[in-house]
Amino acid sequence: MNTKLLKPNKQTYELAKNLINAGEIVAFPTETVYGLGADATNEIAVKKIFEAKGRPNDNPLIVHLGAKEDIKKYVLNINHLEQKIIDLFMPGPISLVLQKNDKIPYVVTAGGETVAIRLPENDIARDFINTCKKPICAPSANTSKRPSPTLAKHVFDDLNGKIPLIIDGGQTEVGIESTVVKVEGNCLYILRPGKISKEELENKLGVKVLSNITQSGIVQSPGTKYTHYKPKCDMILVKTDVIENIKKLYEENTKLGKKVIIFCKKEDKCKFKNMNVVSLGKNSEEASHNLFKMLREYENNDLILAEFIDNGNMVEGLYNRMSKSCSGNII
Ligand code: AMP
Ligand code: MG
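Residues numbered from 1 in each chain as written. Chains lettered and ligands numbered in written order. Predicted model: local features only at pLDDT ≥ 70, side-chain atom pairs only at ≥ 80, totals over all residues. Heavy atoms only, no water.

*Asks:* Help me understand the overall build of the chain in this model?
*Replies:* A tally of regular secondary structure across the chain gives 11 helices and 15 strands. What you see for the chain is a C-alpha radius of gyration of 20 Å, in line with the 20 Å of a compact globule of 331 residues. Projected onto the principal axes, the alpha-carbon positions of the chain cover approximately 60 × 50 × 30 Å. A buried classification covers 55% of the 331 residues belonging to the chain. By element, 48% of the accessible surface of the chain is carried by carbon and sulfur atoms, the whole surface being about 14,400 Å². (Helix = DSSP H or I, 4+ residues; strand = E, 2+ residues; numbered from the N terminus. Rg over C-alpha atoms; globule rule 2.2 N^0.38 Å. Buried < 20%, exposed > 50% of the residue type's maximum accessible area, 1.4 Å probe, protein only. Areas by Shrake-Rupley, 256 points an atom, 1.4 Å probe, with all protein chains shown as cover.)

*Asks:* Just to check I follow, could you spell out unusual backbone geometry for this structure?
*Replies:* Working note: non-glycine residues mostly have negative phi, and peptide bonds are mostly trans. Look at the link from Met90 to Pro91: it is a cis peptide, with omega at 0 degrees. Note that Pro91 resides in the loop between helix H3 (80–89) and strand E5 (94–99). In the Ramachandran plot, Ala110 falls in the positive-phi region, its phi being about 55 degrees despite a non-glycine side chain. You can see Ala110 is positioned in the loop between helix H4 (106–109) and strand E6 (114–118). With a relative accessible area of 28%, Ala110 lands in the partly exposed category. With a phi angle near 60 degrees, Asn274 is a residue other than glycine that sits in the positive phi range.

*Asks:* How should the pattern of salt bridges be read in this particular structure?
*Replies:* Proximity of charged atoms lets side chains of opposite charge pair with each other. Taken as a whole and judged by the stated rule, the model has 20 salt bridges. The partner of Lys232 in a salt bridge is Glu299, and the shortest N-O contact between them spans 3.9 Å. In this pair, Lys232 is assigned in the loop between helix H8 (213–216) and strand E12 (234–238) and Glu299 in the loop between helix H10 (284–298) and strand E15 (303–307), connecting sequence segments 67 residues apart. The buried category is assigned to Glu299, whose relative accessible area is 11%. The closest approach of N and O atoms between Glu286 and Lys282, which form a salt bridge, is 2.7 Å. Residue classification places Lys282 among the partly exposed residues on the basis of a relative accessible area of 46%. Among the ionic contacts, a cluster of salt bridges with common partners joins Arg146, Asp158, Lys232, Arg296 and Glu299. (Salt bridge = Lys/Arg side-chain N within 4 Å of Asp/Glu carboxyl O.)

*Asks:* In this structure, what is going on with the packing of H3 against helix H7 (residues 198–205)? I would like to understand it.
*Replies:* When two helices pack together, their arrangement is given by the angle between the helix axes and by the axis-to-axis distance. Packing of H3 against H7 brings their axes to within 11 Å, and their N-to-C directions diverge by 110 degrees. Considered as vectors, H3 and H7 are oriented roughly perpendicular to each other. Counted together, Leu81, Lys84, Ile85, Leu88 and Phe89 of H3 and Glu200, Leu201, Lys204 and Leu205 of H7 form the full contact between these two elements. Grouping the constituent residues of the contact of H3 with H7 by class yields six nonpolar, no polar and three charged. (Axes fitted to C-alpha atoms, helices over the stretch in contact; angles between N-to-C directions. Parallel < 35°, antiparallel > 145°, perpendicular 65-115°, else oblique. Contact = heavy atoms within 4.5 Å. Nonpolar A, V, L, I, M, F, W, Y, C, P; charged D, E, K, R; others polar.)

*Asks:* Would you mind showing me how to read the state of the cysteines here?
*Replies:* Put plainly, a disulfide is one covalent bond tying together the sulfur atoms of two cysteines. Evaluated as defined, the whole model comprises zero disulfides. Looking at Cys137, it has no disulfide partner, and the nearest cysteine sulfur is the one in Cys132, 12 Å off. The thiol of Cys326 is unpaired, and the distance to the nearest cysteine sulfur, on Cys233, comes to 11 Å. (Disulfide = S-S within 2.5 Å.)

*Asks:* What is the right way to read the environment of Val242 from this model?
*Replies:* Relative to the elements of secondary structure, Val242 occurs in helix H9 (residues 242–255). Residues Val242 and Phe308, 66 residues apart in the sequence, show an inter-C-alpha distance of 8.2 Å.

*Asks:* Teacher, can you tell me more about the packing of helix H1 (residues 10–21) against helix H5 (residues 123–132) here?
*Replies:* Look at H1 against H5: their axes get within 9 Å of each other, and the N-to-C directions meet at 55 degrees. Viewed along their axes, H1 and H5 adopt a mutual orientation that is oblique. Crossing angle aside, the handedness with which H1 passes H5 is right-handed. Side by side, H1 and H5 meet where Tyr13, Glu14, Ala16, Lys17 and Ile20 of the first sit next to Ile124, Asp127, Phe128, Thr131 and Cys132 of the second. (Left-handed = near helix turned anticlockwise from the far one by under 90°.)

Bear in mind that shape data such as this cannot, by itself, settle questions of function.
This is how it looks when you write it as structure tokens:
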């Protein structure tokens, strides 16, 4: 299959619509990462997403909609707190898990009775969805386990020849996937952290938000058990005595003949003189924006030593992605 990489314009959206209507899959940018979309009501089309990515079929997809009014077409009921989340946070980088109705096939929800709903705020994602006039289910547009794509090139590198179209919208803004939330009783749970933080949810909704899902006994977000976001080389996340530990590990591994690269906070770059070092950004927002792109850019080294960045409003989301990128290799 020939994979087209096209800029977003009317012609591209028409082509995308025709492909989606024909049961094909299309990659498109959102404000978080690039998604790989299909008509959520077409089981055969949805299966193509799992095939192209090599994604396990027990990992559910998020249904992306163009308008708030569309949500009730695909779910059973929406309670007061859920409605408040929709009113206050959508469109935006948040996915809300609701009870699905029979318009959503089980292939989308990995056999479950719930469906994650998201309204992207990125213009290109909205234009694509609104032109298709279909609910678009999508995971991130990468090969399973690889870092999520934040550039059209990343999608191309992973899926060239496997999908017919990538809409090229440049680099995505947020850089990590949406916050996934679910209401259970009167409690709100974060199933996957993202840009919308626990504090922001608590402040705007006036409820306690719980994020320690396993301790509270409710099922963790399906899919979170899998290896994720891994670069091709080894990676260590350094959280304690950062400067000394990074320098020590750098020297030890360089002596062994390994090619080592340091990812650090902007202000710390000057502390690693004569070493191979790049800045992840000045805070967790910038680091989230850059992380997946840098993992792909620097994975031709033997080892990435990454400083954990603990300032800004996206610390939880960033830590979640970095700790998975390094497969729990944290000191
Ligand atoms: P991706 O953004 O590529 O990781 O794929 C979608 C992710 O959304 C899944 O891996 C889950 O973590 C989450 N998700 C999707 N549907 C549901 C659901 N029904 N309940 C809980 N989490 C979900
Ligand atoms: Mg993904």
